[in-house]
Amino acid sequence: MSAAKKKTVFFCKECGNESAKWMGQCPACHAWNSFTEREVRPAARSDQHVRAGLETAKPTALSDIRLSDEDRVSTGMAELDRVLGGGVVPGSMILVGGDPGIGKSTLLLQACREMAAGGQKLIYISGEESLKQIRMRADRLGEFTGDIKLLCETDLGAISDILRSEKPDVVVIDSIQTMLNTEVSGTPGSVSQVRESTAVLLQLSKALTISVFIVGHVTKEGMVAGPRILEHMVDTVLYFEGDRHASYRILRGVKNRFGSTNEIGVFEMCEGGLKEVSNPSEYLLSGRPKDASGTVTACSIEGTRPILLEIQALVCQTGFGIPRRQSSGADLNRINLLMAVLEKRLGLKLGMCDAYVNIAGGMRIAEPALDLAIAMAVVSSFMNVPVSDRLLAFGEVGLSGEVRGVSQPEQRIREAAKLGYEECVLPKVCAQRVGDIKGIRLHPVESVRDAIALIKK
Ligand code: TYD
Ligand code: MG
């Protein structure tokens with residue numbers, strides 16, 4: 001009997017893109033002459049299955065599956081636990097993405113230190129740094145106790161063997177872009193490598209109930225080969241962000257199969273590693289100028305927690321024909337819209353003004369509840385009249401200049417009251433819902449016009 005015809009596919013050597021036929025130019029990465037033929041091995045996937053030690057799954061009655069909260073393992077860092085939804089679920093996969101140098105390795109090494117001290121068995125696998133480099137970082141973070149091992153390895157085959165023999169509770173892979181799955185084509189960091197390496201880790205994690213933290217660098221070029229492509233494979237996706245030149249860092253949950261997203265954790269990068277900031281409002285408002293025009297305090301709800309922010313605006317006559325509008329932290333389209341509303345409904349001559357809006361502290365917030373504070377900051381700067389630094393403003397602004405209600409007004413006001421705020425401008429509908437809050441005078445408003453009238457006083 002003649003051998004069955006071998007099935008082959010073509011793949012791009014540059015990005016791993018596959019195609020049934022040969023192509024001169026790769027449609028994904030636009031490289032020329034990069035397509036090569038490869039034999040398809042249909043058994044590859046089930047091979048991986050067997051290697052990972054997975055048994056054939058049997059259906060289980062839904063009511064037989066037991067859940068308990070004690071299943072979660074605390075990372076020993078309250079801010080990280082908060083973003084994870086109360087700790088690490090054993091056997092889950094967590095992707096930690098972020099720009100290079102933002103502090104991902106530091107965060108995870110620190111979490112490892114706490115988890116090892118709490119009795120967990122850990123392996124930290126680095127494909128980026130040498131053992132000595134990691135040791136040097138560890139020395140900055142303090143003393144390490146417990147069962148924590150380091151491994152410098154990039155070959156996934158070797159890593160799976162080690163994980164199967166060591167059976168740790170938690171593994172850190174730093175980073176997924178350095179891992180090499182020899183069964184797949186492409187260089188480390190290419191789409192196919194990143195995807196297939198994650199698939200192997202996923203099977204190991206589920207089969208051996210190992211919690212896996214995966215570090216992924218976000219590439220500047222639209223994150224194509226970055227961690228974005230594996231967001232759907234992992235259980236939890238966290239992004240570590242912040243200005244590399246400033247000391248604060250924000251850990252944001254963007255996907256979480258075991259908890260709420262939108263939670264944020266706030267850290268400060270210090271000499272001895274990351275320090276948790278348990279009261280971000282106080283931290284973000286520190287250094288606020290007094291009696292300066294163009295600054296108004298707003299409140300945003302991030303997950304379950306209200307955070308006070310300083311909105312700064314600088315409005316000045318444009319020197320050129322076309323006014324410049326710039327924003328850092330807030331949505332620029334929203335700012336343009338608010339300025340159009342102010343111009344049309346209040347008759348302010350903003351059309352020929354440059355405007356720069358900034359959320360102090362490097363926070364990025366898209367919540368419409370910030371509208372009112374942005375509008376007030378813009379007008380305050382335009383008129384050069386300061387707004388009281390003991391005043392909080394929140395509310396959504398509509399196209400007719402009306403101020404609409406937002407969620408959880410009471411929580412926002414209480415947070416401000418805690419920090420010694422005395423006044424609050426809020427939508428009328430919200431004012432009806434909140435009772436008296438000690439120490440805070442409420443100014444319910446129906447339109448931006450009412451709110452702006454408060455500045456002039
Ligand atoms: P790192 O964790 O290596 O970033 P990533 O893994 O995301 O690429 O952190 C890098 C930065 O953090 C580096 O610029 C030095 C700084 N750093 C401190 O300021 N204090 C410290 O204690 C440590 C360990 C790092
Ligand atoms: Mg690193």
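Check the entry above for the structure.
Residues numbered from 1 in each chain as written. Chains lettered and ligands numbered in written order. Predicted model: local features only at pLDDT ≥ 70, side-chain atom pairs only at ≥ 80, totals over all residues. Heavy atoms only, no water.

Caption draft 1: Region of the structure containing the site of ligand 1. Ligand 1 sits among 15 residues. The nearest are Gly101, Ser105, Thr106, Arg137 and Gly273. Between ligand 1 and the protein, one listed contact pairs an oxygen atom with a side-chain N or O atom of Ser105 at 2.6 Å. Between an oxygen atom of ligand 1 and a main-chain N or O atom of Glu271, the distance comes to 2.7 Å. Summarising the interface, the protein chains cover 76% of the accessible area of ligand 1, which totals 560 Å² for the free molecule. When atoms are counted within 2 Å of each cavity's grid points, the one that captures over half of ligand 1 is the second largest pocket. Counting residues per element, the shell around ligand 1 draws most heavily on helix α3 (residues 104-117), which supplies three residues. For the shell around ligand 1, a count of residues per class yields four nonpolar, six polar and five charged. (Near = heavy atom within 4 Å. Polar contact = N/O pair within 3.5 Å; in protein donor to acceptor, adjacent residues only side chain to side chain. Areas by Shrake-Rupley, 256 points an atom, 1.4 Å probe, with all protein chains shown as cover. 1 Å grid on protein atoms, 1.4 Å probe; cavity = no way out; pocket = protein on both sides within 12 Å on 5 of 7 lines; lining within 4 Å. Sits in = over half its atoms within 2 Å of the grid points. Helix = DSSP H or I, 4+ residues; strand = E, 2+ residues; numbered from the N terminus. Nonpolar A, V, L, I, M, F, W, Y, C, P; charged D, E, K, R; others polar.)

Caption draft 2: Local environment of the pattern of salt bridges. Here the structure, examined in full by the defined rule, presents 23 salt bridges. In this structure, Glu410 and Arg414 form a salt bridge, with 2.8 Å as the shortest nitrogen-oxygen distance. Of the two residues, Glu410 and Arg414 are both situated in helix α10 (residues 409-418); the distance of four residues between them amounts to about one turn of the helix. By relative accessible area, Glu410 is classed as partly exposed at 31%. Accessibility expressed as a relative area gives 42% for Arg414, which makes it partly exposed. When salt bridges that share partners are traced, they join Glu241, Arg252, Glu302 and Arg364 into one network. (Salt bridge = Lys/Arg side-chain N within 4 Å of Asp/Glu carboxyl O. Buried < 20%, exposed > 50% of the residue type's maximum accessible area, 1.4 Å probe, protein only.)

Caption draft 3: Focus on the nonpolar core. Ranked by internal contacts, the top residues of the largest apolar core, which has 47 residues, are Ile311, Leu342, Met363, Leu372, Ile374, Met376 and Val378. The set of elements that each furnish at least two residues to this core consists of β11 (264-270), β13 (295-302), β14 (305-317), α8 (332-346), β16 (353-359), α9 (371-383), β17 (391-393) and α12 (448-456). The element best represented in this core is α9, accounting for eight residues. Looking at this core, you find at least three residues from each of domain 2 (71-278) and domain 3 (287-452). Residues contacting Met376, with those up to four places away along its chain left out, are Val296, Leu391, Ala393, Val425, Ala451, Ile452 and Ile455. Val83, Ile94, Ile134 and Leu274 belong to the second-largest nonpolar core, a separate cluster that totals 29 residues. (Core = buried A, V, L, I, M, F, W, Y, C linked by side-chain atoms within 4.5 Å. Domains from an automatic or database assignment. Contact = heavy atoms within 4.5 Å.)

Caption draft 4: Geometry of the environment of Ala393. Assignment of secondary structure puts Ala393 in strand β17. Relative accessible area serves as the criterion here: at 0%, Ala393 is assigned to the buried category. Spatially, the C-alpha atom of Ala393 lies 7.3 Å from that of Val296, the residues being 97 residues apart in sequence. With residues near it in sequence (within four places) discarded, Ala393 still touches Val296, Thr297, Ala298, Cys299, Ala373, Met376 and Val425.

Caption draft 5: Looking closely at the packing of α8 against α12. Packing of α8 against α12 brings their axes to within 11 Å, and their N-to-C directions diverge by 90°. Here α12 runs roughly perpendicular to α8, going by the angle between their axes. On α12, the residues touching Val341, Leu342, Arg345 and Leu346 of α8 are Val448, Arg449 and Ile452. When grouped by side-chain class, the residues that make up the contact of α8 with α12 number five nonpolar, no polar and two charged. (Axes fitted to C-alpha atoms, helices over the stretch in contact; angles between N-to-C directions. Parallel < 35°, antiparallel > 145°, perpendicular 65-115°, else oblique.)

On their own, these measurements won't tell you what the molecule is for.
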